[in-house]
Amino acid sequence: MSETIIYQNDGGRATITLNRPESLNSVNGKLAYELKEALLRTSDDKDVRCLVITGGGRGFCAGADLGAGDINTPGDMRDVLQDRYNPIIKLIRDIEKPVISAVNGVAAGAGVSLALAADICIAAESASFVLAFVKIGLCPDAGISYFLPRLVGLKKAMEMALLGERFDAKTAERLGIINRSVPDDKLMQEVYALADRLAAGPYSQGLIKKLINSSADAQLGTALELETQAQVNAAGSLDFKEGVSAFMEKRKPNFIGR
Ligand code: LHQ
């Protein structure tokens, strides 16, 4: 039983809801642990084909719980990042199924990192984002120094990280930080429509995710080699056979994720 997250499995689609609404889902040790466990469970569950991460209450995630009092020395910070935050971000990135962040309200500090680590990010129009790190004398962490410049370019990322100003979902959409913003009362409807579509997609989706993510680091030669490996892998899947058969037979494919 989890206290700080709610894990809901709806067949092909799973949802993790961060559940510390009284502090806008700030991350304490327990939440980090339970989130990590839920991500591992999602990764292992072959029947779950798409994951949604969202926040309970009016916030998405306010970053680290500043009231936890668990960072008293630089060594504490190293432990917290290495044991809690970095593994969570890596898991979201490495899980071989699409992950959607449904940003229902404010995302601050490592909460923005969490939103951006997902493969697709959809935000409610009233949601907002703030790289609050600098406001408390810290640096960007939990992967955001990697994600943000790749999304918005160096200059804009630098401005956001140095100033820590709050910006709204429309601005995030215009800058390409999120895929799109939607009216508040349509958020979960839109997110679940997309999640269900992805959950009915082919085996190759996991490989596609890997390829697109690896392109950020790879040279063209490496990218071509990685693409070749992934495509050889996909070519052995039942879904590939089904996809070609369905095309030839002019019908919709029935993918099974194998
Ligand atoms: C909170 C928090 C919070 C505790 C709102 N903690 N209670 C750092 C250290 C360690 C390891 C790893 O990495 C990091 C990286 C980081 O994440 S650093 C950034 C940490 N986060 C922040 O600095 C954000 C702090 N919060 C805010 O600036 C505001 O709360 C935002 C802009 C998120 C929302 O503002 P409002 O909508 O005006 O809400 P509020 O400020 O009234 O917050 C509501 C409640 O949530 C309030 O409690 P209360 O008892 O007064 O109702 C806040 O104290 C609590 N809360 N964030 N991070």
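Whatever comes next refers back to the structure up there.
Residues numbered from 1 in each chain as written. Predicted model: local features only at pLDDT ≥ 70, side-chain atom pairs only at ≥ 80, totals over all residues. Heavy atoms only, no water.

**Focus on the sheet that holds strand E9 (residues 167-168)**
Here's step 1: Taken together, the four strands give an open sheet; going across it, the order is E4-E6-E8-E9, and neighbouring strands pair in mixed fashion. Edge positions in the sheet fall to strand E4 (59-61) and E9, since each has one partner strand and no second.
Here's step 2: One ladder, built from two bridges, connects strand E6 (residues 106-108) with strand E8 (residues 128-130); its direction is parallel. Note on E8: the bridge partner recorded for Ala108 is Val130. (Pairing = 2+ DSSP bridges. Helix = DSSP H or I, 4+ residues; strand = E, 2+ residues; numbered from the N terminus.)

**Topic: the packing of aromatic side chains**
Here's step 1: This structure, assessed with the given rule, holds two aromatic pairs.
Here's step 2: Look at Phe129 and Phe167: their rings are 5.7 Å apart centre to centre, the planes differ by 15 degrees, and that puts the pair in the stacked class. One end of the pair, Phe129, is in strand E8; the other, Phe167, is in strand E9, and 38 residues separate them in sequence.
Here's step 3: Between Tyr146 and Phe147, the aromatic rings sit 5.5 Å apart at their centres with planes inclined by 90 degrees, giving edge-to-face as the arrangement.
Here's step 4: Using a relative accessible area of 23% as the deciding quantity, one classes Tyr146 as partly exposed.
Here's step 5: Directly above the ring of Tyr7 sits Arg41, whose terminal nitrogen or CZ lies 4.3 Å from the centroid. (Phe/Tyr/Trp six-rings, centres within 6.5 Å; stacked < 30°, edge-to-face > 60°. Buried < 20%, exposed > 50% of the residue type's maximum accessible area, 1.4 Å probe, protein only. Lys NZ or Arg CZ within 6 Å of the ring centre and 35° of its normal.)

**Observations concerning the sheet that holds strand E3 (residues 50-55)**
Here's step 1: Taken together, the six strands give an open sheet; going across it, the order is E1-E2-E3-E5-E7-E10, and neighbouring strands pair in mixed fashion. Bordering the open sheet on either side are strand E1 (5-10) and strand E10 (180-182), each of which pairs with just one other strand. Between one strand axis and the next, the sheet turns by 20 degrees as a mean value, whatever way the strands run.
Here's step 2: As judged from the six bridges shared by E1 and strand E2 (residues 13-18), these two strands associate in the antiparallel manner. (Axes fitted to C-alpha atoms, helices over the stretch in contact; angles between N-to-C directions.)

**Quick notes on the site of the ligand**
Here's step 1: By nearness alone, 25 residues border the ligand, and Ala62, Ala64, Leu66, Ala110 and Asp141 come closest of all.
Here's step 2: Contacts to the ligand include Arg166, whose side-chain N or O atom sits 3.5 Å from an oxygen atom.
Here's step 3: Calculation on the ligand without its partners gives an accessible area of 1,000 Å², and the protein chains cover 65% of this total.
Here's step 4: Mapped by element, the contributors of at least two residues to the shell around the ligand are helix H2 (74-94) and E6.
Here's step 5: At four residues, H2 tops the list of elements feeding residues into the shell around the ligand. (Near = heavy atom within 4 Å. Polar contact = N/O pair within 3.5 Å; in protein donor to acceptor, adjacent residues only side chain to side chain. Areas by Shrake-Rupley, 256 points an atom, 1.4 Å probe, with all protein chains shown as cover.)

**So, the packing of H2 against helix H3 (residues 110-117)**
Here's step 1: Contact geometry of H2 with H3 gives a least axis separation of 9 Å together with a crossing angle of 20 degrees. In terms of orientation, H2 and H3 fall into the roughly parallel class. Of the two elements, H2 crosses H3, and the hand of that crossing is right-handed. Of H3, the residues touching H2 (which contributes Tyr85, Ile88, Ile89, Ile92 and Arg93) are Ala110, Ser113, Leu114 and Ala117. (Parallel < 35°, antiparallel > 145°, perpendicular 65-115°, else oblique. Left-handed = near helix turned anticlockwise from the far one by under 90°. Contact = heavy atoms within 4.5 Å.)

**Points about the nonpolar core**
Nonpolar side chains in soluble globular proteins tend to be buried together.
Here's step 1: Ile16, Leu39, Val103, Phe129, Leu131, Leu148 and Ile177 are the most contacted members of the largest nonpolar core, which has 54 residues in total.
Here's step 2: If one sorts the elements of this core by residue count, H2 sits on top with seven residues.
Here's step 3: Here Leu148 is in contact with Leu116, Leu131, Gly153, Ala157, Met160 and Ile177, once residues within four sequence places are set aside.
Here's step 4: Grouped together as the second largest cluster of nonpolar side chains are 14 residues, Cys50, Ile100, Val191 and Leu194 included. (Core = buried A, V, L, I, M, F, W, Y, C linked by side-chain atoms within 4.5 Å.)

**Considering helix H1 (residues 29-44)**
Here's step 1: Taking 1.5 Å of rise per residue, 16 residues should cover 22 Å, and H1 covers 23 Å from first to last C-alpha, within 8% of that figure.
Here's step 2: Burial in H1 covers these residues: Leu31, Ala32, Glu34, Leu35, Ala38, Leu39 and Thr42.
Here's step 3: Lining the buried residues of H1 we find E1, E2, E3, H2 and H3. (Expected span 1.5 Å × (residues − 1).)

**What to know about the pairing of strand E7 (residues 120-124)**
Here's step 1: Counting buried positions along E7 yields four of five residues, so the element is predominantly enclosed.
Here's step 2: Of the strand pairs in this sheet, strand E5 (residues 99-103) and E7 are connected by four bridges, and their pairing is parallel. Counted as the bridge partner of Ser101 is Cys121 from E7.
Here's step 3: Judged from the three bridges that link them, E7 and E10 form a sheet pairing that is parallel.

**Observations regarding the environment of Leu198**
Here's step 1: Mapped onto the elements, Leu198 comes out in helix H7 (residues 187-199).
Here's step 2: Its relative accessible area of 16% is what places Leu198 among the buried residues.
Here's step 3: Each C-alpha atom, one on Leu198 and one on Asp65, is 33 Å from the other, the two residues being 133 residues apart in sequence.
Here's step 4: Not counting chain neighbours up to four residues away, the residues in contact with Leu198 comprise Cys50, Pro98, Ile100, Ile120 and Gln205.

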